[in-house]
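Secondary and tertiary structure notes
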Amino acid sequence: MGRIIIVSNRLPITIHQNGTGFSYRSSAGGLATGLNSMDRSLERVWVGWPGEEITLPAIQEQVLEDLIQDGLVPVFLSKKEIELYYEGFSNKTIWPHFHYFTQYTTYQDDYWEAYSLVNQKFADAIKPILQPDDLVWVHDYQLMLLPAMIREFAPQTSIGFFLHIPFPSYEIFRVLPWREALLKGVLGADQIGFHTFGYMRHFLSAAYRLGGYEHLYGKLRVGHRLINVDVFPMGIDYEKYAHPEIDLYANDDSFKIKQLARNKRIIVSIDRLDYTKGIPQRIKAFEQFIERYPEYIGKVSLVLIAVPSRSNVDNYRKLKQSIDTLVGKINSAYGSFDWMPIQYLYRSLNFNELSTLYQVADIAMITPLRDGMNLVAKEYIAAKDETKRGVLILSEMAGAANELSSALLVNPHDINKMAEVIQQALEMNENEQVWRMETMQQHLKRYNVRHWANTFVQEQKRLMEQQQAFNNM
Ligand code: F6P
């Protein structure tokens, strides 16, 4: 086998142009961390967008030259492409639709055209670098047309596709006018992976009902090709969170986070600020908790971290306003000079701060309305590797709930019940906390991100070798 070519919308680094100069910073997100910790015995090339518009050709050339040394191939996108392909079709059409927010789905032909053109742009970037034995692994909903586009010019190449978000029920998927094209794009792959059995089942159902493609034991027959469709739940870098290298002298807020937890119990909530994450419902559940159980007033705080995300998209901006209002209302009603019910920050945390927060948090409340997987829930469990104390309240609608069944599972729309579960979590005895933690930790330790990436690639490699042996017969 040759190299592995990873293709994702974002590169693991972001390039920021300031005037005639530029700077690099690493991109946040589980995918970058995950793929970075993959088995390094394979030579790796990573194709993706560097996260911002780079207007100067001289900077583009310099970036190309710099990045290629690290095996990174940037695909530059113009402002218009970012607006129509990334903010538009990816995040105003597919993202809401696949997360069952059909009221937010935007149907615009110019979004679709840009999505097709940018997928083609990625294909054009891959074409000149592709070598005969390379294995290609395409990631996520921004690039659903790409597998078939690569197959056009490289019919023998082994192509994998992994969807990091839910694949919706056929009844939802069928509503999209571009459903056949999206399906056909993904079916260009030899192997298609999902986080959960449910997403895979929905995909197989869409393939059958839209294209008449039948499947048997996870193999989907498309013409003369057999596609492997399977479940590969993504894990985390367990050791990184279990034994974090905390810099005690870092110039950040870690110390203040510790102070915050000195004489009160902490419930942590961390997400990108996204309407799929159920943030308003979670805040309301906390409000109801203090109303119903006033003995906790002054003793428990919700630390709510909302990480800025896709802020050019209208629905994200509106959500920010409604969260600001809700938090203001609760803090002004219940807060005092020595206690704020909700400590609300609209920013990202560095690793030091994040690890400290996980460590001091008595409870993590991760209650998305819909979520492909949710790695924050897994990170919180890993961060409790030493103490084994802490309780995870997790939404049934997160892919992670399939693996973390020892968490306190809740319906994120059921605000009454969530308020009750907060109280249950605060009162849980230590023995119960320990057995729940240990059960989940054992699972996450074993099924870590390295296991996820290596299993996907090994399986694809096995298929590729089978295919090559068959061709040589
Ligand atoms: O969950 C899907 C996903 O694409 C992740 O892979 C990524 O970390 C996250 O959404 C952030 O998305 P964006 O690239 O739009 O900031």
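Nothing here was measured: the structure is a model prediction, and the numbers come from that model. (Residues numbered from 1 in each chain as written. Predicted model: local features only at pLDDT ≥ 70, side-chain atom pairs only at ≥ 80, totals over all residues.)

The next thing to look at is the pairing of strand S6 (residues 135-139). The side chains of a regular strand alternate, first on one face of the sheet and then on the other. Most of S6 sits inside the fold, with 5 of its 5 residues counted as buried. Across the two faces of S6 the burial is the same, with Leu135, Trp137 and His139 and Val136 and Val138 all buried. Here 4 bridges tie strand S1 (residues 4-10) to S6, and the two strands are oriented parallel to one another. Across the sheet, Ile4 pairs through a bridge with Leu135, a residue of S6. Strand direction decides the pairing type here: S6 and strand S7 (residues 158-162), joined by 5 bridges, are parallel. Looking at the pairing, His139 lines up with Phe162 of S7. (Buried ≥ 20, exposed ≤ 12 C-beta atoms within 10 Å, placed from the backbone. Helix = DSSP H or I, 4+ residues; strand = E, 2+ residues; numbered from the N terminus. Pairing = 2+ DSSP bridges.)

Residue placement: Leu444 occurs in helix H16 (residues 430-446). A count of 23 C-beta atoms within 10 Å places Leu444 in the buried class. Ignoring anything within four residues of it in the chain, the contact list for Leu444 reads Gly235, Ile236, Tyr238, Lys378, Ile381 and Ala382. (Contact = placed C-beta atoms within 7 Å.)

What follows deals with the confidence of the model for the protein. Looking at the protein as a whole, its pLDDT mean stands at 95, while 99% of the residues score no less than 70. ipTM for the predicted complex: 0.95, alongside a pTM of 0.96. (pLDDT = per-residue confidence, 0-100.)

The next subject is the environment of Leu349. For Leu349, the location among the structural elements is in the loop between strand S14 (342-346) and helix H13 (351-360). Using a count of 19 C-beta atoms within 10 Å as the deciding quantity, one classes Leu349 as partly exposed. Sequence separation between Leu349 and Ile246 is 103 residues; the distance between their C-alpha atoms is 13 Å. If we skip the residues at most four places from it in the chain, Leu349 touches Ile305, Leu354 and Leu357.

On to the nonpolar core, then. Counting 133 residues, the largest nonpolar core has Val7, Ala377, Leu392, Ile393 and Leu394 as its most contacted members. Element by element, the count of residues in this core is highest for helix H4 (residues 109-126), at 8 residues. Not counting chain neighbours up to four residues away, the residues in contact with Leu392 comprise Ala364, Ile366, Ala377, Tyr380, Ile381, Leu404, Ala407 and Leu408. (Core = buried A, V, L, I, M, F, W, Y, C linked by C-beta atoms within 7 Å.)

Further remarks concern unusual backbone geometry. With phi around 45°, Arg310 is a residue other than glycine that occupies positive phi space. Looking at where Arg310 falls in the secondary structure, it is placed in the loop between strand S13 (300-307) and helix H12 (314-334).

What follows is about the sheet that holds S1. Spatially, S5-S4-S1-S6-S7-S8-S11-S10-S9 is the arrangement adopted by the 9 strands of the open sheet, whose pairing is mixed. Each of the sheet's edge strands pairs with one partner strand only, and the pair in question is strand S5 (72-74) and strand S9 (215-216). Of the pairings in the sheet, the one linking strand S8 (residues 191-194) to strand S11 (residues 225-231) comprises 4 bridges and is parallel in character. Considered in S11, the bridge of Ile192 is made with Val229. Docked against the sheet, helix H5 (residues 146-153) engages S1, S6 and S7, running at close to 175° with respect to S7. (Axes fitted to C-alpha atoms, helices over the stretch in contact; angles between N-to-C directions.)

Looking now at the sheet that holds strand S16 (residues 391-395). Strands pair in a sheet through their backbones, by hydrogen bonds, and they do so in one of two ways: parallel or antiparallel. Here we have 6 strands laid out as an open sheet, ordered S14-S13-S12-S15-S16-S17, and parallel in their pairing. Of all strands in the sheet, those with a lone pairing partner are S14 and strand S17 (408-410), marking the two edges. Pairs of neighbouring strands in the sheet enclose a mean axial angle of 15°, with direction left out of account. Strand direction decides the pairing type here: strand S15 (residues 363-366) and S16, joined by 4 bridges, are parallel. When the bridges of S16 are listed, Ile363 appears paired with Val391. Lying over the sheet, H12 contacts S13 and S14, oriented at roughly 155° with respect to S14.

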